[in-house]
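Tertiary structure, described
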Amino acid sequence: MESMICMNSSCGAAITHQWNKGWPLQSGGFAHLCYPCGSAYEDGVYCNIFHLEESGWRECRLCGNYLHCGCIASKYLLDFLYYGGVGCISCPKSSQLHSVKRIQTHGDEISEGLESIRDCQLSFPNFVFLE
């Protein structure tokens, strides 16, 4: 049997009672995670537990929760909003994601939204952004 190591760089466990699938890899497979790390990933709290000190956190424009923009582990937990910023995929207000919503025209809010988009563009270079 092939030996595995948890792909969470903060963990690296080689022994666990159950291996879980994590984020998709470019090779077509999935990251191998030990049971505790895999459970955190499945529950959508992986970044909240292991990446709190990392950069790239952005506020959901709909509910105010913070999302780890640019992290492969949270890539499928957020969506880029038409009017700028990011939103939770599972946000209770997600029905508003595709509606046309104006943001206030205060300069700081607009620049904040543009800064979030620029940060996400750097984090997701293969994502097509429409201007």
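One structure accompanies this document, and this report is about it. Starting afresh in each chain, residues are numbered from 1 along the sequence in its written order. The predicted nature of this model means local features are confined to residues of pLDDT at least 70 and side-chain atom pairs, given and counted, to a pLDDT of 80 or more, with totals for whole chains, interfaces and linings taken over all residues. Computation of side-chain values covers all heavy atoms of the structure but excludes hydrogens and water.

1. Examining the packing of aromatic side chains
Rule in force here: Think of it this way: a Phe, Tyr or Trp ring, Trp meaning its six-membered ring, pairs with another when their centres are within 6.5 Å, and the plane angle makes it stacked under 30 degrees, edge-to-face over 60, tilted otherwise. Labels follow the DSSP assignment, with helices taken as runs of H or I lasting at least four residues and strands as runs of E lasting at least two, numbered in each case from the N terminus. Partly exposed residues are those whose accessible area sits between 20% and 50% of the maximum for their type, while under 20% is buried and over 50% is exposed, using a 1.4 Å probe and protein chains only.
Here the structure, examined in full by the defined rule, presents four aromatic pairs. Between Trp 23 and Tyr 46, the ring centres sit 5.4 Å apart and the planes meet at 65°, which makes this aromatic pair edge-to-face. Placement of the pair is Trp 23 in strand 1 (residues 20–24) and Tyr 46 in helix 2 (residues 46–50), with a sequence separation of 23 residues. We note that Trp 23, like Tyr 46, is buried.

2. Thoughts on the state of the cysteines
A disulfide bridge is the covalent bond that connects two cysteines by way of their sulfur atoms. Put simply, the test is: Two cysteine sulfur atoms form a disulfide, by the criterion used here, when they sit within 2.5 Å.
By the definition in use, this model includes zero disulfides. Left unpaired, Cys 60 is separated from the closest cysteine sulfur, that of Cys 63, by 3.6 Å. With no disulfide of its own, Cys 88 lies 3.7 Å from the sulfur of Cys 60, the closest cysteine sulfur. Classification of Cys 88 by relative accessible area gives buried; the value is 7%.

3. Observations regarding the pairing of strand 1
We count it as follows: Paired strands, as defined in this entry, are two strands with at least two bridges between them according to DSSP.
Across three bridges, the pairing between strand 1 and strand 2 (residues 30–33) is antiparallel. The residue of strand 2 that forms the bridge with Asn 20 is Leu 33. Between the end of strand 1 and the start of strand 2, which pair antiparallel, lie five residues, with Gly 28 showing a positive phi angle near 100°.

4. Description of the nonpolar core
As a reminder of what qualifies: As used here, the term nonpolar core means buried Ala, Val, Leu, Ile, Met, Phe, Trp, Tyr and Cys residues forming a set that is joined through side-chain atoms within 4.5 Å. The contact criterion used throughout is that any non-hydrogen atoms of two residues lie within 4.5 Å.
Counting residues in hydrophobic clusters, the biggest one holds 13 residues, and the most contacted among them are Trp 23, Tyr 46 and Ala 73. Contributing elements (two or more residues each) for this core: strand 2, helix 1 (35–42) and helix 2. Not counting residues within four places of it along the chain, the set of residues in contact with Trp 23 comprises Met 7, Gly 29, Phe 30, Ala 31, Leu 33, Tyr 41, Tyr 46, Ile 72 and Ala 73.

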